[in-house]
Each structure stands twice: as C-alpha cells, then as structure tokens.
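A structural walkthrough
As a plain string of letters, each chain reads:
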Amino acid sequence: MARQYEEVTVRGYDEFMKAVSQRKGKDVFAYFSGSKNEQGVSWCPDCVKAEPIVRGELGYLPPGSVFIYCQVGERPYWKDPNNEFKKTLKLSGVPTLLRYGTPQKLVEEECFKKDLVRMMFTED
Amino acid sequence: MAALCKWRHRLKPAGFFQNAVRRQLSDKYDYDLLVIGGGSGGLACSKEAAQFGKKVAVLDYVESSPKGTKWGLGGTCVNVGCIPKKLMHQAALLGGAVKDAHKYGWRIPSPITHDWLTMAPAVQDYIRSLNWGHRVQLQDKKVKYLNLKGSLMDGHTVKAVSKTGKESVLTAGNIVIATGGRPKYPTHIPGSLEYGISSDDIFWLKESPGKTLVVGASYVALECAGFLTGIGLDASVMVRSIPLRGFDQQIACLVTDYMGSYGTKFHWKCSPSKVEKLETGRLLVSWTDLDSGKEDQDTFDTVLWAVGRAPETRALNLEKVGVKMNRETGKVCVSADEATSVPHIYAIGDIADGRPELTPTAIQAGKLLARRLFGKSSELMDYDCVPTTVFTPLEYGSVGLSEEEAVRRHGEDGIEVFHAFYKPLEFTVAERDASQCYIKMVCLREGARRILGFHFTGPNAGEVTQGFALAIKCGATYTQLMATVGIHPTSAEEIIKLHITKRSGLDPTVTGC
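Remember, predicted model here, so these are calculated numbers, not experimental data.

Rules behind the numbers
- Residues numbered from 1 in each chain as written.
- Chains lettered and ligands numbered in written order.
- Predicted model: local features only at pLDDT ≥ 70, side-chain atom pairs only at ≥ 80, totals over all residues.
- Heavy atoms only, no water.
- Helix = DSSP H or I, 4+ residues; strand = E, 2+ residues; numbered from the N terminus.
- Rg over C-alpha atoms; globule rule 2.2 N^0.38 Å.
- Buried < 20%, exposed > 50% of the residue type's maximum accessible area, 1.4 Å probe, protein only.
- Contact = heavy atoms within 4.5 Å.
- Pairing = 2+ DSSP bridges.
- Axes fitted to C-alpha atoms, helices over the stretch in contact; angles between N-to-C directions.
- Expected span 1.5 Å × (residues − 1).
- Polar contact = N/O pair within 3.5 Å; in protein donor to acceptor, adjacent residues only side chain to side chain.
- Buried area = accessible area lost by both parts, 1.4 Å probe.
- Salt bridge = Lys/Arg side-chain N within 4 Å of Asp/Glu carboxyl O.
- Nonpolar A, V, L, I, M, F, W, Y, C, P; charged D, E, K, R; others polar.
- pLDDT = per-residue confidence, 0-100.
- UniProt positions renumbered as here; feature names shortened; annotations may be inferred.
- Core = buried A, V, L, I, M, F, W, Y, C linked by side-chain atoms within 4.5 Å.
- Disulfide = S-S within 2.5 Å.

Helix and strand counts for chain B stand at 17 helices and 21 strands. Taking 513 residues into account, the globule formula puts the C-alpha radius of gyration at 24 Å, and chain B, at 26 Å, falls close to it. Overall, chain B is about 100 × 65 × 50 Å in size when its C-alpha atoms are taken along their principal axes. Taken across its 513 residues, chain B has 49% of its residues classed as buried. Within chain B, counting contacts between residues at least 6 apart in sequence, those at least 24 apart form 63% of the total.

Quick look at the structure:
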C-alpha cells in the first residue's frame, strides 16, 4: 500500500529547521534521537528501545503528514544544556516524539507506549 | 473439516445472542463506570476508579459558546476558568510590579505598554499543553476517552453523539454526571446574545477586548474587570445590587474600593437595558440607574456578561430518567454520598446542588466517590470549611464563616471579631496605598475562642490562606493563635498578632513592629 505520509531524515538542528520551514502548513511529526554510530546504533539506549515502537505506528499517521526523523548529535553535544534543541525547541530529553507547532509531545518512556504514539497520530 | 464449517456457520447469526449472553455472564455492562464530563470532577473520578482496575470511560464534549469559542479536554477550570484567569491576573500584577520597580531603583523606560497578542497566545498554548497532558494521563491510566455528547437513556444506559451526529449506545454499572456549568446570558436584554461575550470567550479572544463593560459583580466579573484594568484597558463594572454575593460583605466592599482606586470604573445599582452595534463596530450600551430611574449610555468595544452560571443539564435528559433536580437552581439533587435520586447515578462538581463551585472540591469528591464505589471506602466528602481566594487586584482569601453568617448562627454576643488594617512591607518603598489591606478573624466568644471564620485581603492571599484552612479544620482557637509565633517580616504574621476586637471600638490599624 502506498505510504500516506512523507518521511524525511535529517541530522542536527539546522537541517531540522530547514526541513520544517520547507513544509509550512503541513502536519509535521518529529522524532528526535541520539545520533547513530557507523554500526547504526545510537548512544541513547531509550532511543534504541523506542524507535521500533514508533516506527510500528507510522501507518497511523494522517494522510499528507510529514514524519521527520532527526538525529540530534553526539552525546556531549546533547548533554550541553545550551544546545539549540534544548534552548529553542525546548526539548528536555531523547527520545522525544512531537507534533510540530502543537503542545503534543511524548518524552522518553512515554515513547515506549505504542498506544500513546498511536493516540498522537490518530487524534486531533 | 466440513462438519466444523457447518458448526461455525450455524453459530454466525447467533452473534447477537452471543453478545447478550456474554454480557449476562461476565461484564454485563460495557463499563463499570461511565463519567459524563471531562472536567475537574470527572477526570479525577475516572482516573481514581481506573486505579482499582475498573473499566472506565469519560465522555467529554464542548458545545461552542454563542460566540463560537470551543476548547479541549479538562473542563472549565483548565480552559475558561481558574487557569487562564490566574495567568492573566499575574500579567496584570506584573504590570503593577514594573511600576513599583522604579521606586526600588530599576531604570525601566516608561510608560510601559501591554500587548494582548503576546499574552493571550502564551496562555492559550499553556492551556493546550494541559489538554494534551490530561489526554495522555487518561490513556496512561487506561481510561477510555470519548469526544462525544452524552445523555441518559435509563439508569445504566447512555446515548453518545459525535460532532458529526453519529450515535452510539453505552452501558455502565455506574454513571457519574459531572457536566458542570456554563455562563448565563441575560437574553431578555436586546442585543445581549448577538453582541456580548462571556468568560467562555474572553481568554480566547484573538484581539484585545479594548474598552470593556463587565456586567455582574460575582468573582468572575470582578476578577475579569480587575486584570483587564491591570493590563491597561479601560474597564467598567456594572453592578445591579451588591458585590460578591455570599461573601463577607465588609470585605467585598474593601475589594471593590481597592479596584476603584486601581482604575476600574463602577456603575453601582445599574442595570443594562439594551446593547446595539454602531456603524463603527463598537457597542452602544444603554442602562438604567435603578435608584434614580435615569437612563444613561456609553460605547464600548466589548461587553462581558458575568451574571451567573447555569448548570449543564439541558441535554442530559435527566427528567425522563427520573433524576431529581432542584427547581430553583436547575442543579442535580444529591445526598451526602453524591448519589442522585436514581440508583447508580451520581453527580459531582458544579452540576451538583448545594456544592461549592470549586475545582478542588469537585476533584476530592470525585476521588472519594470512586473509592467508595470500587475501593471499599466509606469516607464521605467533607464540604465544611472549604478555603477560597478571589483573585481580584487586591486578593481576598477566606475560610469558614463570614461575619454575617457567624452572627446569624451564634448571635452578636456569641462571637468575638479580631481585626487589623496592615501595610505589606513591599508597599512602603513602592508608596502604594494599603487602605484596604485587612485581616479579620471571627471567633466564638466563649472558652478558648474557636476560630469560625478567617478573612484576609492583600498580596498572595491564596498562599496566606491555605495554611489557615488546615488550622481551622483542626479546630484552632484564638488561644492557640496567640501562642503561635509569626514569621517576620511577612503580611501573614499580622494574622498571628491580631488582638484588637471590633467590640472594643479601638483603632485596628497596625503600627510598626
């Protein structure tokens, strides 16, 4: 079946903001994860755990929406309380799944709960 | 193999029968508890019930206001009550603080201006995050949330209608009505519905309300007029008779006196007769002075009706099911355990007759009800000595009886009233007028002099009053108060130091340390 949403992969804050600004007026969902190494494994164990759960619910995304998969950076960058994600996007932890421009977000262990993820994708 | 298929095929049309049998044998109802209304009471009750492993659902549905305002999960408090009110009150207080700051040495350019378009969206965003937070909580606690409008069909059955008109039927072992109230419109006044707004709308306005007339003298009216004045708008209050009906009247007058000197205009003993829209888009309000009979008029940008709240019972179909209501108030009659006249149907919060219209009492009543229904508890909600605070520009905190009520119950000779006019320290350097900062403690006259009522006007009245609510609940006496040491320097310590009685006729103004 054809995918109803657009998936975008970005690395870092600037790439993320660029992807968002290019999709004004769209329903944008973003998943923020600690960056993966060459083996494709993230330094953030919660992100490793949450990703398959979030991906498992992507089929519930509303048609025409956008899913941005964003790798935030290396662990020392993330730990700095002044990084742009924390300062400007007000992220408190990774993983974070949010609906851009709304207060809807799921943080850390909340991302482990597939019914919460599905709820965000399917409700207004 | 063929026999198996034949067996299955024979059972298919019996699916309906299967469901009924299944219901009788195990679940019987779709839910153990169905709550109609997702506000303070409804959410607390449903989440508590779910903790006991029960199958719970909440129906929440917001009918838009006449102006078209709608909001999300959480009820009045979250969306169009306590929360936005307190935040806008804070915005107004900050304006006052910035003005005081000059005297404390801060170099701030003046005059300072306020931008509604910065404040309102910030408040609205916070409310939306609360809507989301409640949604996540319900899901997490396994409470089913349905954005449907519920009405009763019988003692265990609810009809639920979606915004598109799709109907469904739900059954429950127990039903809790927690639909709250909505602002009343004085529909007998021409133009009131078409041109006026209510507290349902004020916090969600996309533009500043501008020059506003608030009609009413309840705490809703005074709090709204208060923060509108505080953010620099021209605000007037039109009062038919007395301010803050039900509250201690001496204090109510101190509150409105302060508002008057703060900049809010008052039209006392006046009643609006009509509202018309001018070509400019502004509103022309005509009113009658009830004492002189004189007519007067003025133009405003906004007219805010704060003339009372009506219980949301119309659409519930209560009469048909036999749920008794108080004819006068329109609210649902309940007994001490929140039960209505129909078994297994309960009512909590603003919809219940005789209950305070407050969030904390609705929450507590909801939790205790769930514990009684599913947790083997027998604890009833104690509605005695519930503390409150009115967040007018001069805040007013109280717990227990007003002076009038204490006189009614014990006679003037049966009570002793201690009082004091004090000046908050912060007001001194700021050269603020503290004429209405006042404390009153109404006590029994005999014995250790148990405290019957506590009243405080001043900054942070809510924070000051909370602890005294505990004291009064524990039966604190004036003797114990005298034995308590004050915290210095605070305004609250003046409560501990009360010693002048009204009976003595002495000047109750506090002088120095």
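Now that the structure is up, let's keep going.
Residues and elements named next belong to chain B. Taken in spatial order, the five strands of this open sheet run 17-18-21-20-19, and their pairing is antiparallel. Edge positions in the sheet fall to strand 17 (388-390) and strand 19 (415-421), since each of these pairs with one other strand and no more. Shown here is a sheet whose adjacent strand axes are inclined to one another by a mean of 10°, direction ignored. Summarising the sheet, strand 19 and strand 20 (residues 438-444) pair through seven bridges and their orientation is antiparallel. The residue of strand 20 that forms the bridge with Ala420 is Ile439.

With that settled, the discussion passes to helix 5 (residues 82-101) of chain B. For an α-helix, 3.6 residues make a turn, and residues three or four places apart therefore share a direction. Residue and element names in this part refer to chain B. Its 20 residues give helix 5 an end-to-end C-alpha distance of 28 Å, which sits within 8% of 28 Å, the value for a rise of 1.5 Å per residue. Within the sequence span of helix 5, burial applies to Pro84, Lys85, Met88, His89, Ala91, Ala92, Gly95, Gly96, Asp100 and Ala101. Buried residues along helix 5 sit against helix 4 (75-80), helix 6 (116-140), helix 9 (219-230) and helix 10 (249-262).

Moving on: the environment of Glu57(A). Residues and elements named next belong to chain A. Within the secondary structure, Glu57 sits in the loop between helix 2 (45-56) and strand 3 (66-71). Glu57 sits 65 residues away from Thr122 along the chain, and the two C-alpha atoms are 9.9 Å apart. Discounting chain neighbours no more than four positions away, the residues touching Glu57 are Lys114, Val117, Arg118 and Phe121. There is a polar contact of 2.7 Å between the side chain of Glu57 and the side chain of Arg118.

In this section: the interface of chain B and chain A. The interface is formed by 10 residues belonging to chain B together with 12 residues belonging to chain A. Carbon and sulfur atoms supply 61% of the area buried between chain B and chain A, which totals about 880 Å² over both sides. When the buried area of chain B at its contact with chain A is split by residue, Trp132(B), Val136(B) and Gln139(B) rank highest and sum to 61% of it. Where chain B meets chain A, there are two salt bridges. Ionic pairing is found between Asp140(B) and Lys113(A), a salt bridge with its closest N-O pair at 2.9 Å. At the surface where chain B touches chain A, the tally comes to four residue pairs in polar contact (both at pLDDT 80 or more). Broken down by class, the residue content of the side of chain B that touches chain A amounts to three nonpolar, two polar and five charged.

For the rest of this paragraph, the subject is the sheet that holds strand 10 (residues 265-268) of chain B. All names here are of chain B. Taken in spatial order, the four strands line up as 10-9-8-14 in an open sheet, and their pairing is parallel. At either end of the open sheet lies a strand with only one pairing partner, and these are strand 10 and strand 14 (302-305). Across the sheet, the axes of successive neighbouring strands diverge by a mean angle of 20°, strand direction being ignored. Judged from the four bridges that link them, strand 8 (residues 212-215) and strand 14 form a sheet pairing that is parallel.

Residues and elements named next belong to chain B. Averaged over every residue, the pLDDT of chain B is 94; the share at 70 or more is 94%. In this model, residues 22-26 is a region of pLDDT below 50 whose contacts with residues beyond four sequence positions or in other chains number four contacts. In the model output, the complex is listed with pTM 0.92 alongside ipTM 0.90.

Residues and elements named next belong to chain B. Burial analysis of strand 21 (residues 451-457) places seven of its seven residues in the buried class, the great majority of the element. Here six bridges tie strand 20 to strand 21, and the two strands are oriented antiparallel to one another. Bridge pairing in strand 21 links Ile439 to Phe456. Taking the residues between adjacent antiparallel strands as the criterion, strand 20 and strand 21 are bridged by six residues, where Gly447 takes a positive phi near 60°.

Turning our attention to the side chain of Asp248(B). Residue and element names in this part refer to chain B. Position of Asp248 relative to the elements: it lies in the loop between strand 9 (235-239) and helix 10. What makes Asp248 buried here is its relative accessible area of 1%. Residues within four places of Asp248 in sequence aside, it is in contact with Tyr396, Ser402, Glu403, Glu404, Lys440 and His455.

Moving on to the UniProt feature "binding site: NAD(+)" (unreviewed entry) in chain B. Residues and elements named next belong to chain B. Here the UniProt-annotated "binding site: NAD(+)" (unreviewed entry) positions come out as Gly216, Ala217, Ser218, Tyr219, Val220, Ala221, Leu222, Glu223 and Gly308. Spatial clustering of the annotated residues is evident: they stretch over 93 residues in sequence, but the largest pairwise C-alpha distance comes to 13.9 Å. Its place among the elements puts Ala217 in the loop between strand 8 and helix 9. Contact partners of Ala217, with chain neighbours within four places excluded, come to Leu222, Val239, Ile242, Pro243, Leu244 and Ala306. Residue position: Gly308 is located in the loop between strand 14 and strand 15 (309-311). Beyond its immediate chain neighbours, meaning those up to four positions away, Gly308 contacts Arg182, Pro183 and Lys184.

The subject of this paragraph is the nonpolar core. With 43 residues, the main nonpolar core has Trp116(B), Ile202(B), Phe227(B), Leu228(B) and Ile231(B) as its most contacted residues. Among the elements that take part in this core, helix 9 of chain B stands out by supplying six residues, more than any other. Discounting chain neighbours no more than four positions away, the residues touching Ile202(B) are Trp116(B), Ile197(B), Pro209(B), Cys224(B), Phe227(B), Leu228(B) and Leu304(B). Counting 41 residues, the second-largest nonpolar core is a separate cluster that includes Tyr5(A), Phe29(A), Leu106(A) and Leu116(A).

This part is about the state of the cysteines. The tally for this structure, following the rule as stated, stands at one disulfide over all chains. Across the disulfide, Cys44(A) is cross-linked to Cys47(A) (sulfur-sulfur distance 2.3 Å). On the sign convention where negative means left-handed, the S-S torsion of about 80° between Cys44(A) and Cys47(A) marks this disulfide as right-handed. Exposure remark for Cys44(A): the relative accessible area of 4% places this residue in the buried category. Not engaged in a disulfide, the cysteine Cys253(B) finds its nearest cysteine sulfur in Cys270(B); these two sulfurs lie 16 Å apart. Residue Cys253(B) is classed as partly exposed on the basis of its relative accessible area, which comes to 37%. Distance from the sulfur of Cys437(B), which forms no disulfide, to the nearest cysteine sulfur (Cys253(B)) is 16 Å.

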